[in-house]
Amino acid sequence: MMNTRPVDAVVVGAGFSGIYMLHRLLRAGYSARLFESGSGLGGTWFHNRYPGARCDIESMDYSYSFDENLQQEWRWSERYASQPELLRYLNHVVDRFALREHIELDTAVVGARFDEDTVRWTVTTDLGDEVGARWCLMATGCLTVAQVPDIPGLDTFEGRWFHTGDWPRDGVDFSGNRVGVIGTGSSGTQLIPIVAEQAAHLDVFQRTANFCMPARNHPMPPEVEVHWKAEYPERRAKARISGFGHSQPQNDNRYRDLTPAQRSAELEARWRSGGLYMMRAFADVLTDPEANEATAEFVRAKIRATVHDPEVSELLCPQGFHFGTKRLCSGTNYYETFNRDDVTLVDVSAAPIEEITPTGLRTASAHHPLDMIVFATGFDAMTGSLSRIDIRGADGTSLASKWSGGPVTYLGLAVSGFPNLFLLTGPGSPSVFSNMVNSAEQHVEWIADFLDHAREHDVYRAEATQEAEDGWVAHVGEVAEATLYPRSPNSWFFGANIPGKPRVFMPYVGGVGNYRARADEVASAGYRGFTLLRR
Ligand code: NAP
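Note that the coordinates shown come from a computational prediction; the quantities given were computed from them, not determined experimentally.

J.: Describe the side chain of H368, naming the residues involved and giving the relevant values.
T.: Within the secondary structure, H368 is located in strand β15 (residues 367-369). Filtering out sequence-adjacent residues up to four positions away, H368 remains in contact with D203, F205, V346, T359, G360, L361 and T363.

Below, the structure is given as structure tokens:
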């Protein structure tokens, strides 16, 4: 073990939140080090380099707002940034603010232990380093631990296989190969049309059809960029108090208050403009079953109009869960791809996958010969990255055991029993339910303000109270109960994709603006719900 120079704060993870956290710490005069397990910057964007990977929030919104010169000078080339462009952006930010020398790449944090005597964290890396820090800031991401399902026979497969969330850096050439893609969520729906263009034949193994909106991506029109940049002050302000953390118009009208013609016009306009805005076609899409079903049926009609084979189009029409309660997808030519002769949709809900063989994949009804398999099967979301680090709180309890019944937090930011530790975009905050960059900035700024408060008031130990945590957990649950989410619990929002994971609704769905107001209120009340010890 090497003991290295202690710092005020350790940051874990070099995605959007970790990079900005590091910048804020250094700018405020704290000493800090950031550890990142990947060999490059970007967090989930570093690892998700599958063909077609791009953000489904518009780049002008999905970008930092904290520096006026940065947001004015950086030029996004497309409406939705591709994965390589996002990495270029984050590398630019790190160089622009001279952060690189404070970042250790290829270094996974494997443990973090709080010592009550010194009131400090000791953070341990896989290289054997130990670093002491007053504050431990976990920017470990919500969608970073790739989940490969436990299908018998995978180790016997003689072809190559990949997971979208852990894609080879030198890429994959599908040409001439029979390819199978398992999974039709956001990653699968982006990847499938591109693989179809390259492969000799593509089998798509679909268990649950999801709703996929047309992204309608295009190069950034110069006049849109100029206009948007001129409006940045208002747009960013609007995003901060919005439902989902972006600046696009939402419809505040309820479905039942509109005429049939107005409803159709709204749905058509959103389908034409593309992307995820269908989620806000009506103010009550996620709370009123009738509004929700009308939206779902509108999209099903579009699928039926696009896919020629009626049997295939019916299979692609999502059924059995409410629109948007499985994360909405946004893709390019997704449904059109199923009109190709060299693409087969395999319904693995009717005939489940039984095994992978040396030469392909066997379902309950047929063997599919394959040279390559792509798992677009998602992540151990929201808690996976944290529960893989051995985090020990004040009495030695591990975070993983505290969360064995599901994650519990105060504001998604702090955990009782784990003093001086903050989570960025943790469970119980809007995080995955919002424009992540907006939510990351909000958490970074809240934590930075907290640290300044601690420095000014000689606070050396801060811990969320059990009562505050219980209250927040109850509130997160109540807010979710008022929506359609609990009626469709078969999603990663509930941890349902991970065998044995407790079924708990993890994000805060009360809206980015409401969440921000509550977090600010806690701060203005002198960090109500935290026990602060002063020197
Ligand atoms: P996902 O949404 O969890 O989708 C996983 C897919 O794999 C589902 O269709 C699932 O079917 C299927 N699956 C899992 N295990 C299976 C098995 N054993 N047999 C058959 N099918 C199986 O994962 P994801 O697509 O990687 O997306 C995760 C999240 O990352 C998204 O929801 C989004 O928040 C984010 N993301 C964003 C973007 C973007 O910005 N454009 C792109 C990619 C990802 P079931 O539904 O039946 O479980």
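Read on, since the account is not over.
J.: Kindly report on the site of the ligand, identifying the contributing residues and their values.
T.: The local shell around the ligand holds 23 residues, among which R54, S187, R207, T208 and K326 are the closest. Here R54 contributes a backbone N or O atom positioned 2.7 Å from a nitrogen atom of the ligand. Between R327 and the ligand, the recorded distance is 3.3 Å, taken from a side-chain N or O atom to an oxygen atom. Considering the ligand on its own, with 910 Å² of exposed area, one finds that the protein chains cover 88% of that surface. The leading source of residues in the shell around the ligand is helix α5 (residues 186-198), at 3 residues.

J.: Go over the packing of aromatic side chains with me, naming the residues and quoting the values.
T.: The final tally for this structure, using the stated rule, is 44 aromatic pairs. When the centroid spacing of 5.1 Å and the interplanar angle of 75 degrees are considered together, the rings of Y255 and F282 count as edge-to-face. Here the residue Y255 occupies a position in the loop between α7 (232-240) and α8 (260-273), and F282 occupies one in the loop between α8 and α9 (289-306), the gap between them amounting to 27 residues. Of the two residues, Y255 and F282, both sit in the buried class. An aromatic cluster of at least three residues, connected via ring pairs, comprises F16, Y20, W45, Y62, Y64, F66, W74, W76, Y89 and F97. Lying over the aromatic face of Y255, R263 brings its terminal NZ or CZ to 3.9 Å of the ring centre. It is R455 that lies over the ring of Y30; its NZ or CZ is 4.1 Å from the centre.

J.: How would you explain the domain arrangement of the protein if you had to name every residue and give the values?
T.: Per the domain assignment, the segments of the protein are domain 1 (7-145 + 381-527) and domain 2 (154-375). Distance between the C-alpha centres of domain 1 and domain 2: 27 Å. Taken together, the contact pairs 47 residues of domain 1 with 53 residues of domain 2. Carbon and sulfur atoms supply 49% of the area buried between domain 1 and domain 2, which totals about 4,400 Å² over both sides. The largest share of the area that domain 1 buries against domain 2 comes from M60, R79 and L484, three residues that together contribute 17% of it. At the boundary of domain 1 and domain 2, one finds 2 salt bridges. In this structure, R75 and E225 form a salt bridge, with 2.9 Å as the shortest nitrogen-oxygen distance.

J.: Help me get a handle on the packing of helix α1 (residues 16-27) against helix α13 (residues 436-456), residues and values and all.
T.: It is at 9 Å that the axes of α1 and α13 come closest, and there the two elements cross at 30 degrees. For the element pair α1 / α13, the angle class is roughly parallel. Read as a crossing pair, α1 and α13 show a hand that is right-handed. The segment α1 lies against α13, with F16, S17, Y20, M21, R24 and L25 engaging V437, A440, E441, V444, E445, I447, A448, D449 and L451. Split into classes, the residues belonging to the contact of α1 with α13 amount to 10 nonpolar, 1 polar and 4 charged.

J.: Can you break down the pairing of strand β4 (residues 109-115) residue by residue, with the values?
T.: Sheet topology places β4 next to strand β5 (residues 120-125); 6 bridges connect them, and they run antiparallel. Residue pairing for β5: G111 is matched across the bridge by T124. Remark: 4 residues form the turn of the hairpin made by β4 and β5, two consecutive strands paired antiparallel; V119 in that turn has positive phi of roughly 55 degrees. Here β4 pairs with strand β17 (residues 390-392) via 3 bridges, running parallel. Looking across to β17, one finds that R113 is bridged to R392.

J.: Kindly report on empty space enclosed by the protein, identifying the contributing residues and their values.
T.: Inspection of every chain in the model, using the stated rule, returns 4 cavities of 30 Å³ or more. Its volume calculated, the largest cavity comes out at about 280 Å³. What lines the largest cavity is a set of 22 residues, among which I57, F244, L276, M279 and F433 lie closest to the centre. Within the lining of the largest cavity, the residues separate by chemical class into 11 nonpolar, 6 polar and 5 charged. Looking at the lining of the largest cavity, you find at least three residues from each of domain 1 (7-145 + 381-527) and domain 2 (154-375). Considered as a void within the structure, the second largest cavity measures approximately 70 Å³ in volume.

J.: Describe unusual backbone geometry, listing the residues and the values that go with them.
T.: Even without a glycine there, the phi angle at T425 is positive, about 50 degrees. Note that T425 resides in the loop between β18 (421-423) and α13. Unlike most non-glycine residues, Y527 shows phi in positive territory, near 60 degrees. Mapped onto the secondary structure, Y527 falls in the loop between α15 (512-524) and β20 (530-534).

Thresholds applied
Residues numbered from 1 in each chain as written. Predicted model: local features only at pLDDT ≥ 70, side-chain atom pairs only at ≥ 80, totals over all residues. Heavy atoms only, no water. Helix = DSSP H or I, 4+ residues; strand = E, 2+ residues; numbered from the N terminus. Contact = heavy atoms within 4.5 Å. Near = heavy atom within 4 Å. Polar contact = N/O pair within 3.5 Å; in protein donor to acceptor, adjacent residues only side chain to side chain. Areas by Shrake-Rupley, 256 points an atom, 1.4 Å probe, with all protein chains shown as cover. Phe/Tyr/Trp six-rings, centres within 6.5 Å; stacked < 30°, edge-to-face > 60°. Buried < 20%, exposed > 50% of the residue type's maximum accessible area, 1.4 Å probe, protein only. Lys NZ or Arg CZ within 6 Å of the ring centre and 35° of its normal. Domains from an automatic or database assignment. Buried area = accessible area lost by both parts, 1.4 Å probe. Salt bridge = Lys/Arg side-chain N within 4 Å of Asp/Glu carboxyl O. Axes fitted to C-alpha atoms, helices over the stretch in contact; angles between N-to-C directions. Parallel < 35°, antiparallel > 145°, perpendicular 65-115°, else oblique. Left-handed = near helix turned anticlockwise from the far one by under 90°. Nonpolar A, V, L, I, M, F, W, Y, C, P; charged D, E, K, R; others polar. Pairing = 2+ DSSP bridges. 1 Å grid on protein atoms, 1.4 Å probe; cavity = no way out; pocket = protein on both sides within 12 Å on 5 of 7 lines; lining within 4 Å. Points joined across faces, edges and corners; volume = space filled by probe spheres on them.

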